Amino acid sequence: MLSRLRAHGHYRRLLQTLPCAAAKSAAEVNLHQRPCSTSAASSPSLSIWRRKKEMGKEGLMAVAQLKRLAALPPAGAHPRLEQFMGSHVSRLLRTDLLAVLAELLRQDHVILSMKIYGVVRKEIWYRPDMYFYRDMLYMLARNKKVDETRQVWADLKSEDVLFDQHTYGDIVRAYCDAGLIDLAMEIYEDMRSSPDPPLSLPFRVILKGLVPYPELREKIKQDFLELFPDMIVYDPPDCLSDVDDEFKF
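Conventions and cut-offs
Residues numbered from 1 in each chain as written. Predicted model: local features only at pLDDT ≥ 70, side-chain atom pairs only at ≥ 80, totals over all residues. Heavy atoms only, no water. Core = buried A, V, L, I, M, F, W, Y, C linked by side-chain atoms within 4.5 Å. Buried < 20%, exposed > 50% of the residue type's maximum accessible area, 1.4 Å probe, protein only. Helix = DSSP H or I, 4+ residues; strand = E, 2+ residues; numbered from the N terminus. Contact = heavy atoms within 4.5 Å. Axes fitted to C-alpha atoms, helices over the stretch in contact; angles between N-to-C directions. Parallel < 35°, antiparallel > 145°, perpendicular 65-115°, else oblique. Left-handed = near helix turned anticlockwise from the far one by under 90°. Nonpolar A, V, L, I, M, F, W, Y, C, P; charged D, E, K, R; others polar. Salt bridge = Lys/Arg side-chain N within 4 Å of Asp/Glu carboxyl O.

A. Spotlight on the nonpolar core. In terms of nonpolar packing, the biggest core is built from 64 residues, with Leu 66, Val 89, Ile 116, Val 120, Tyr 133, Phe 163 and Tyr 175 touching the most fellow members. In terms of residue count, helix α6 (residues 130-142) provides more of this core than any other element does, 9 residues in total. Ignoring anything within four residues of it in the chain, the contact list for Phe 163 reads Met 130, Tyr 133, Arg 134, Leu 137, Trp 153, Leu 156, Tyr 168, Ile 171, Ser 194 and Asp 196.

This is how it looks when you write it as structure tokens:
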């Protein structure tokens, strides 16, 4: 009986030491892994813009008031709008401020999106973010805004933000679809000079967007075939570039 109790006591002490050993082991693993972490702006796990943006009461009120004041003449430049930006928007918490911007982007409200964009970039917690700039450019492409695009593009270049190849392809395609071909080709040239190795899929995405522009498409096609000589590009029938408007989606 005594030997069984001693064994039981030894078993209990062994169980008590296991959590400490596991914690120590985990600490050692973290210690070795920490130097391998990266702060790249394109990492989804580190991007505040990629996290779920739930808007609180303050954010909802801010969006409603911003839209009301932006409608006052002169549109987007009424003194009360600027006053509200300084007194209320600048005091929003980070999560609310990002949620406000995300909602304005969703609604394609260019003037207010650009104003909140400027506020976000001045915050002490702001860090350059590929996804942040990507969504700004998507919205500006949808609304065919050239000057605003050049401003945002200059900002991201000054902050050394790098897009991955897939994002480049999607952005170029967005500007092709919007008919802003000059901007699309400028972004494409930046894509070609990127340090990331080229991928075939972004080129195919761009080629589809250039179907209405056969001369430019041929140029991009030649670039594609030089980079990927073993691949094939399927050209659409000539009639696809002349489809009547009633059949366009």
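Read on for the rest.
B. Highlighting the packing of helix α2 (residues 57-70) against helix α4 (residues 94-106). Where α2 meets α4, the axes come as close as 9 Å, and the angle between the chain directions of the two elements is 45°. Looking at the two axes, α2 sits oblique to α4. When the axes of α2 and α4 are compared, the crossing they make is right-handed. Packed against α2, whose contacting residues are Glu 58, Gly 59, Ala 62, Val 63 and Leu 66, the element α4 presents Asp 96, Val 100, Glu 103 and Leu 104 at the interface. The residue makeup of the contact of α2 with α4, split by class, is 5 nonpolar, 1 polar and 3 charged.

C. View of the pattern of salt bridges. Going through the model one piece at a time under the given rule, you end up with 14 salt bridges. Between Arg 121 and Asp 155 there is a salt bridge, and its shortest N-O distance comes to 3.6 Å. Of the two residues, Arg 121 is situated in helix α5 (residues 110-122) and Asp 155 in helix α7 (residues 146-158); the sequence distance between them amounts to 34 residues. Classification of Asp 155 as buried rests on a relative accessible area of 15%. Linked by salt bridges that have partners in common, Glu 189, Arg 192, Lys 219 and Asp 223 make up one network.

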